[in-house]
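# Close look at the chain arrangement
Here is what each chain is made of, one letter per residue.
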Amino acid sequence: MADLRINLAGIQSPNPFWLASAPPTNSRYQVQRAFEAGWGGAVWKTLGEPILNVSSRFAAVSFNGQRVAGFNNIELITDRPLEVNLKEIYETKKRFPNHPIIASLMVEPKQEKWHEIVKRVEDVGVDGLELNFGCPHGMAERGMGSASGQVPALVEKQTHWAKEAAKTPVIVKLTPNITDITVTAEAAVRGGADAVSMINTINSLAGVDLDSWNTIPHVAGKGAHGGYCGPAVKPIALNMVAECARNPHITVPISGMGGVSSWKDAVEFMLMGATGVQVCTAAMHHGFRIVEDMIDGLNNYLDEKGIASVMDLVGKAVPRYSDWGNLDLNYKVVARINTDICINCNKCHIACEDTSHQCIDMLKDTAGNSYLRVREEDCVGCNLCSIVCPEEGAISMVELKNELPPMTWNERQAALSASASCKIDSLK
C-alpha cells in the first residue's frame, strides 16, 4: 500500500483529500464527522465578521441527465460568531491532532484587521491559514474576496500583512475571475505566501425560470450573480493549476480545487502540480463517505503504477504542458473505424460532414451492407468523430509515421526569419 501522506508548505496530512472552505466545514460537528469518514484535512468555513445570509442560496445546473454537473451559490462567509468558531476549532483539533485544520480568513484590507484575526485563530491551534481572496459575490461588494483578489497589489500587501503576524503557513486562495491567474499568484509569492490554492468559484448565473422569469436561485423575486463550481469547472481549474505550476516565478506549493469529484480527478490535479486537493461540491452532492472511494482508488492506482508515495505524482505531467507555438506541426494522427465494433449510428459521419472536414465516407460492401470508412489523406486528426462516437473502441486515433522531422511553429518562424536575414545580407 502506497504512502498517501502529503506535506503542503510544512502542513502534514494523512492523505491529500481536504474539504474546502464551504458549507461542509461550517461547524465542529461537520468537520469531526468528516475526519471520522477519512478526510485528511479541512479548511474551516471562512472566518471574519459574521454576516447575514439570504434564502434561498443554492442552485445547480444539470446536463444530459446528470444532476449537479455544475453548482452555484450566493452564500457568504460564516454567519456564526468568531468566538463560537474558535472554540469549535480548538475542540476539533484536540480530538483530531493528526488532521490539519486550516482557518480560512477574510477581513477588510487593513493591516490591523489582518494582524488581529491571524493572532486569534492561531491561538486555538490551527495548522495554517488560507486567505480568501476569491469569493466573487456579496463580500466582493464590500471590498473583500475577489475585489481584493483581482488586484495584484492588494494580494501582495494583504499577504504581507498576514505574514507579519502569522506563525503558521499562509496559503493564499486565488480568484479565477481574472485574465491571468499567474499574475496574482506571483503577487502572493512576493507577499510571502507559503502556498497558493485555486480555484475559487467563477462568476455565474445558474439560470432563469421560464415560467416566472425569476433568476435561479432568487430571493423574493430578486437575483444576483453567484459562484460556480462542481465538475463543470474542472478543466478551467486544471488549466490554472498547470499555468501556475509551470511558472518559474511561482515557487510555492499549490492546493488544487475546482470540480474534484474522484480519485482520478485528484491524480490529474497532482500530476499538473498540485500537492493536494480540496473538495466541496462532490461532498455536498454525495456526502462525506465518498472519501473512502477516493482513498481506495488512489491507493490502487499508485500500487498498480509501482509508485511508493503520492508525493511522487506532484508535477510529473507539468513538463508536457506548454504553449501552442511549441507543438509539433508535423505530428500526424488519423481516425480509423473498426467495423466489427461500429454500430452504424452514423454520428461520426454527421459530425464530420456538418462540422469538420468531410472525410468519412458511407459505403456498401458486396452484400449491400453499409459501413463507414475514413479517407485518411483528408483526415486532420481533430478527434471529433471519436468524441461523439457512443461505442467504446469503434474509432481509434492512430499515429502515422512522418518522414519530416519535428517542427514547431516557433521553430518555423525562427527559420523563416533567419532565411530572410540571410537574403538581406546577400544583397548588401
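In short, a report on the structure.

Moving on, we get to the overall build of the chain. Along the chain, the regular secondary structure elements total 13 helices and 20 strands. Viewed in the frame of its principal axes, the chain has a C-alpha envelope of about 80 × 70 × 50 Å. Across the 428 residues in the chain, those meeting the buried criterion constitute 48%. Sequence separation of at least 24 residues holds for 72% of the intrachain contacts in the chain that already meet a minimum separation of 6. Working note: accessible area of the chain is about 21,100 Å², and carbon and sulfur atoms make up 52% of it. Charge centroids of the chain, computed over 39 positive and 48 negative side chains, lie 4 Å from each other.

Counting buried positions along strand β8 (residues 128-132) yields 5 of 5 residues, so the element is predominantly enclosed. The two faces of β8 match: G128, E130 and N132 on one face and L129 and L131 on the other face are all buried. In this structure, β8 lies alongside strand β9 (residues 170-173), joined through 4 bridges in parallel fashion. Bridge pairing in β9 places E130 opposite I171.

A few words on unusual backbone geometry. Here the bond from M198 into I199 is cis, since omega is 5°, no more than 30 degrees from zero. Relative to the assigned elements, I199 resides in the loop between β10 (195-198) and β11 (202-204). Residue P217 is reached from I216 by a cis peptide bond, and omega for that bond is -5°. Within the secondary structure, P217 sits in the loop between β13 (215-216) and β14 (226-229). Its identity is not glycine, yet W213 carries a phi of approximately 65°, on the positive side. Within the element layout of this structure, W213 appears in the loop between β12 (207-208) and β13. The exposure class of W213 is exposed, given its relative accessible area of 71%. We note that Q358 has phi near 50°; this positive angle belongs to a residue other than glycine. Among the structural elements, Q358 can be located in the loop between α11 (347-355) and β18 (360-364).

So, about the packing of aromatic side chains. Using the criterion set out here, one finds 4 aromatic pairs in the structure. Taking 6.0 Å as the distance between ring centres and 75° as the angle between the ring planes, the aromatic pair formed by W114 and F133 counts as edge-to-face. Separated by 19 residues along the polypeptide, W114 in helix α3 (residues 111-122) and F133 in the loop between β8 and α4 (146-149) bring together distant segments of the chain. The residues W114 and F133 share a single accessibility class, namely buried.

This paragraph deals with the pattern of salt bridges. Should the charged atoms of two oppositely charged side chains come close, the side chains can pair. In this structure the tally under the stated criterion is 20 salt bridges. In this structure, a network of salt bridges that share partners links the residues R28, K87 and E91.

Read across the sheet, 4 strands follow the order β5-β6-β14-β11 without closing on themselves; strand pairing throughout is antiparallel. Edge positions in the sheet fall to β5 (58-63) and β11, since each has one partner strand and no second. Sheet twist, expressed as the average angle between the axes of neighbouring strands with direction ignored, equals 45°. By the bridge criterion, 5 bridges tie β5 to strand β6 (residues 66-73) in an arrangement that is antiparallel. Pairing of F63 across the sheet is with Q66, part of β6.

Right, let's get into the environment of M106. Here M106 shows up in the loop between β7 (101-105) and α3. Spatially, the C-alpha atoms of M106 and G134 are 9.7 Å apart, while their sequence positions differ by 28 residues.

Positionally, N85 belongs in helix α2 (residues 82-95). Each C-alpha atom, one on N85 and one on L47, is 7.9 Å from the other, the two residues being 38 residues apart in sequence. Beyond its immediate stretch of four places on either side in the chain, N85 contacts N26, W44, L47, T78 and R80. One polar contact links N85 to W44, side chain to side chain, over a distance of 3.0 Å.

A cluster of nonpolar side chains, namely W324, L327, L329 and W409, defines an oily patch on the protein surface of about 430 Å² accessible area. Considering the arrangement of structural elements, one finds L329 in the loop between α10 (290-305) and β17 (333-337). Classification of L329 as partly exposed rests on a relative accessible area of 36%.

To continue, consider helix α5 (residues 152-165). End to end, α5 covers 21 Å across 14 residues, agreeing with the expected 20 Å (1.5 Å per residue, within 8%). On its buried side, α5 packs onto α3, β8, α4, β9 and α6 (181-190).

Calculation rules
- Residues numbered from 1 in each chain as written.
- Predicted model: local features only at pLDDT ≥ 70, side-chain atom pairs only at ≥ 80, totals over all residues.
- Heavy atoms only, no water.
- Helix = DSSP H or I, 4+ residues; strand = E, 2+ residues; numbered from the N terminus.
- Buried < 20%, exposed > 50% of the residue type's maximum accessible area, 1.4 Å probe, protein only.
- Contact = heavy atoms within 4.5 Å.
- Areas by Shrake-Rupley, 256 points an atom, 1.4 Å probe, with all protein chains shown as cover.
- Lys, Arg positive; Asp, Glu negative; His and termini not counted.
- Charge placed at Lys NZ, Arg CZ, Asp CG, Glu CD.
- Pairing = 2+ DSSP bridges.
- Phe/Tyr/Trp six-rings, centres within 6.5 Å; stacked < 30°, edge-to-face > 60°.
- Salt bridge = Lys/Arg side-chain N within 4 Å of Asp/Glu carboxyl O.
- Axes fitted to C-alpha atoms, helices over the stretch in contact; angles between N-to-C directions.
- Polar contact = N/O pair within 3.5 Å; in protein donor to acceptor, adjacent residues only side chain to side chain.
- Patch = residues over 30% accessible without salt bridge, like charges linked within 9 Å, V, L, I, M, F, W, Y side chains within 5 Å.
- Expected span 1.5 Å × (residues − 1).

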